[in-house]
Structure formats: C-alpha cells, structure tokens
Amino acid sequence: MHPQPVLVVSGLPRSGTSMAMQMIHAGGVEALTDQERQADADNPRGYFEYERVKALRNDKAWLDEAQGKVVKIIHMLLLELPTDRPYKVVFMERELGEVLASQSKMLERLGRSGATLAPARLRVVYEAQLKQVHAHLAAHSCFEVLRVPYADAVAQPAAQAARIQAFLGGSLTLDAMVAAVDPSLHRNRA
C-alpha cells in the first residue's frame, strides 16, 4: 500500500498561496495549520500556515501527520522535503511585478522597512530561486506539480478549481472551492 501523498501549496510570498489553501480546504481537504498567524488586512481570510514548516530543514517528523492533508510550504523550503514519500504540489505563479508590489505594500502596512534588496535585484533573486526549485521538482519523481497562474485563478476560478480538483484526485467539492475565491482581493496588479 502506497502512502497518501502530502498535498503542498507553494509559490513565492504573496503569490496566492493562502487563496489556494482556502480553495483546497473549502473543497474538503483537511489543512495542516496551527492558526498562529491570524488574518489581517493583507490576508483577510487568513494565512493557513503551520509554524513547524519554517524549521523543515531540521524537523521533518511532522510530515508523517501531513499525509492526505494540505500544507503551505514556501518555495525554497520545497528543496528540504525528503524524497522518500509522494507529494502533490500546487505551485502558485504570479507576475513578479505584482508579487513585489504586494510585498512592498504589506511591509509598509506593517510599518517595516522593505527588504534590503532593491526591487530589481529581488526580481533577479526570485527568478533564480524559481528556476532552482522547478529544476529540483522536475528531477525527483516523488513530486507531481500543477502550476496555477494566480491571475487565472482570480479571473476564472471555476476553470482553475477544476484543474486543482482533477490534480488532487477529483473528490473535492468544486462549488465550495470556487466560492473561496474573492476577486476583490486581487489588489496589487502589475
């Protein structure tokens, strides 16, 4: 008997990962989350994060309880996942200009200074990281990946929900997934 895959939502920060988590959870999949990070103006419907993910490099024990559940893992931590089990990765893709604008607005709202890297430099860093992550995922057969464009998920939630539903086995409740998308939250456009 093969183990159930760990269902992963990933992408750059501010790429729609919380929205994807909401869709999949609304569709009927249990989310591995601890409610530590509360909803705020940047993510009014919540972040759906699990604190132990941040320590993935040193703590992989929690992955056993993640089988058959959906968990959000930031793009670079995908490199830390052990290749001894199956994963289905829903990878959110958003235009880099929108990602950078959204991050900048979030930092401003939180009263924090921005990243020490200029936006043009951060863009180059993110492009290199994405290339590295996608090469890693493609090189290991334990990863099945569905790339979901954020703009399409917001503009055509039914079509993207159907893609995600099929990728995750077809048993999710489509109407609930679509209802989880709030197009008004697509605020930082390129």
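Predicted model only: the values in this text are computed from it and were never measured.

A. Up close: the pattern of salt bridges. Tallied over the entire structure, the rule returns twelve salt bridges. Here Asp64 makes a salt bridge to Arg85, at a shortest N to O gap of 2.9 Å. Here Asp64, found in the loop between helix 1 (17–26) and strand 2 (70–72), pairs with Arg85, found in the loop between strand 2 and strand 3 (87–93); they are 21 residues apart in sequence, far enough to count as distant. On the accessibility criterion, Asp64 (52% relative accessible area) is exposed. Residue Arg85 is classed as buried on the basis of its relative accessible area of 14%.

B. Broad picture of the packing of aromatic side chains. With the rule as written, the count across this model stands at two aromatic pairs. Centre to centre, the rings of Tyr87 and Phe143 are 5.0 Å apart; their planes meet at 20 degrees, and the pair counts as stacked. Of this pair, Tyr87 sits in strand 3 while Phe143 sits in strand 4 (residues 143–149), placing them 56 residues apart in sequence. Since its relative accessible area comes to 1%, Tyr87 is described here as buried. The class for Phe143 is buried, based on a relative accessible area of 7%. Positioned over the ring face of Phe167 is Lys88, at 4.8 Å from the centre of the ring.

C. A look at the nonpolar core. Counting 28 residues, the largest nonpolar core has Val8, Trp62, Val71, Ile73, Leu78, Leu81 and Tyr87 as its most contacted members. Elements with a minimum of two residues in this core: strand 1 (6–11), strand 3, helix 2 (96–110) and helix 3 (119–139). Counting residues per element, this core draws most heavily on helix 3, at five residues. If near-sequence neighbours (up to four positions away) are discounted, Tyr87 is found in contact with Pro5, Val6, Val8, Leu63, Leu81, Pro82, Cys142, Phe143 and Glu144. Counting residues in hydrophobic clusters, the runner-up holds 26 residues, among them Met23, Val70, Tyr150 and Val181.

D. Representation of the confidence of the model for the protein within the structure. Looking at the protein as a whole, its pLDDT mean stands at 86, while 82% of the residues score no less than 70. When the elements of the protein are averaged for pLDDT, helix 2 gives the smallest value, 74, and strand 4 the largest, 98.

E. Spatial organisation of the pairing of strand 3. Counting buried residues in strand 3 gives six out of seven residues, a clear majority hidden from the surface. Sheet topology places strand 1 next to strand 3; six bridges connect them, and they run parallel. By the bridge assignment, Val6 is partnered in strand 3 with Tyr87. Both strand 3 and strand 4 contribute to a ladder of seven bridges, which runs parallel.

F. Local environment of the environment of Val178. Here Val178 is to be found in helix 6 (residues 174–179). Residue Val178 is classed as partly exposed on the basis of its relative accessible area of 26%. In the structure, Val178 is positioned 154 residues away from Ile24 in sequence and 9.7 Å away in space, judged by C-alpha atoms. For Val178, the contacting residues outside a window of four places in its chain are Pro157, Ala158 and Ala161.

Cut-off values and rules
Residues numbered from 1 in each chain as written. Predicted model: local features only at pLDDT ≥ 70, side-chain atom pairs only at ≥ 80, totals over all residues. Heavy atoms only, no water. Salt bridge = Lys/Arg side-chain N within 4 Å of Asp/Glu carboxyl O. Helix = DSSP H or I, 4+ residues; strand = E, 2+ residues; numbered from the N terminus. Buried < 20%, exposed > 50% of the residue type's maximum accessible area, 1.4 Å probe, protein only. Phe/Tyr/Trp six-rings, centres within 6.5 Å; stacked < 30°, edge-to-face > 60°. Lys NZ or Arg CZ within 6 Å of the ring centre and 35° of its normal. Core = buried A, V, L, I, M, F, W, Y, C linked by side-chain atoms within 4.5 Å. Contact = heavy atoms within 4.5 Å. pLDDT = per-residue confidence, 0-100. Pairing = 2+ DSSP bridges.

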